[in-house]
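For reference, the chains in residue letters:
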Amino acid sequence: MVGSALILGATGRFGRNVAEAFWNAGWTVRLFDRTSEDLNTAAAGVDVIVNGWNPAYPDWEKQAMGLTHQVIAAAKLHNATVIFPGNVYVYGADAPQIFAPETPHKATNPLGRIRIEMEAAYRAGDVQTIILRAGDFLDTAASGNWFDKVMAPSLTKGKLTYPGNPDIPHAWTYLPDFAIAIEKLARMRSWLPRFTDLSFEGYTLTGNQMATLLGEGLSRPVEIKQMAWWPLKMAAPVFPLARHLCEMRYLWGKPHQLDGSALASFLPDLRHTDPVEALRTAALAAKPDLMERPRPPKPSHGGLSRA
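In this report, we go over the structure that sits alongside the text. (Residues numbered from 1 in each chain as written. Predicted model: local features only at pLDDT ≥ 70, side-chain atom pairs only at ≥ 80, totals over all residues. Heavy atoms only, no water.)

**Concerning the side chain of E119**
We count it as follows: Each helix is a run of H or I in the DSSP string that is no shorter than four residues. Each strand is a run of E no shorter than two, and both are numbered from the N terminus. For every residue, the accessible area obtained with a 1.4 Å probe (protein chains only) is divided by the maximum for its type, and the residue is called buried under 20%, exposed over 50%, and partly exposed between those limits. Two residues qualify as a contact provided that any one of their heavy atoms is within 4.5 Å of a heavy atom in the partner residue.
Examined against the element boundaries, E119 turns out to sit in helix 4 (residues 110-124). Residue E119 is classed as buried on the basis of its relative accessible area, which comes to 3%. In contact with E119, not counting residues within four places along its chain, are F84, G86, V90, H105, I131, R133 and F195.

See below:
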């Protein structure tokens, strides 16, 4: 059942992809502008509010909960369903390798605790909420995520800059697939519980597997180049973003994957893009010059004499 959807954070990586998925599925889509609109007014008459707001790490402590409560209040006022993209921060460094909806939220680090508090507010709020949880993003455009900002630039030299142990599995999500799953859940909202917490399995890949798949997609050898963390560590005392990036470093040393079996029970026909294609698309979005260029023809010396 399609309807009308208000997309918050529509210029961000998640919001852009989910807006496209809703448009393509026939929804009436409104893109919220925080600089000129009031949320309670903009939410009037919508069926779904997709919360793609994601402040920069240093702003989470001051902004995240306030924005969360704004969304809950607007949804409650207009009886709208909230859809929120969850992440893996809530579980913590000591969680089991497989993250499932029933895995306890026991993170103790600051960013993890904020995410726990945000999700707890939705669970306690008197609004229908759908949380779909994902790993790190692969996008169709350069959008400042780990892959296109840190890992992909060195692909022009045949290197994948990897932030962790390349033998450890890591959870990845191709954003167009994730957005389609969000839209499909929104369409079946009337059959879902008041609070729905699901995981999007995506791809579970080691760094070495990712390099192999990228090599296949780009038709060139790709080797692992280890990322140096020391510049971020040195900058952390005076550069808040670096401090938070170091805070989440444990996810690059912790084997983890998302259990998508519960989502599959709701969406058994959900299709996933082949990982070779997803990685190739993300790599070319980050570095368009990776596109294979035709080789120039060999010079011809026919009919010419050499002195």
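**Focus on the nonpolar core**
Applied cut-off: We call a set of buried residues a nonpolar core when its members are Ala, Val, Leu, Ile, Met, Phe, Trp, Tyr or Cys and they connect through side-chain atoms within 4.5 Å of each other.
Core analysis: the largest hydrophobic core is formed by 74 residues, its most contacted members being I49, F147, L155, L160, W172, M210 and L214. Broken down by element, the residue count for this core peaks at eight residues, all from helix 3 (residues 60-78). Setting aside anything within four residues of it in sequence, one finds M210 in contact with F147, M151, L160, W172, L205 and L279. Counting residues in hydrophobic clusters, the runner-up holds 31 residues, among them A19, V48, A181 and L198.

**Section: the pattern of salt bridges**
Test applied: Note on definitions: salt bridges are taken to be side-chain nitrogens of Lys or Arg within 4 Å of carboxyl oxygens of Asp or Glu.
The final tally for this structure, using the stated rule, is six salt bridges. D197 is the partner of R133 in a salt bridge, and the nearest nitrogen-oxygen pair spans 3.2 Å. Of this pair, R133 sits in strand 6 (residues 129-133) while D197 sits in strand 10 (residues 195-199), placing them 64 residues apart in sequence. R133 gets classed as buried once you look at its relative accessible area, which sits at 0%.

**Here we look at helix 1 (residues 13-24)**
Which entries qualify depends on this criterion: In a helix, the anticipated span is given by 1.5 Å times the number of residues less one.
Its twelve residues give helix 1 an end-to-end C-alpha distance of 17 Å, which sits within 8% of 16 Å, the value for a rise of 1.5 Å per residue. When helix 1 is considered as a whole, its buried residues turn out to be F14, G15, N17, V18, A19, A21 and F22. In this structure, the buried residues of helix 1 make contact with strand 1 (4-8), strand 2 (28-31), strand 3 (48-51), strand 4 (81-86) and helix 6 (175-187).

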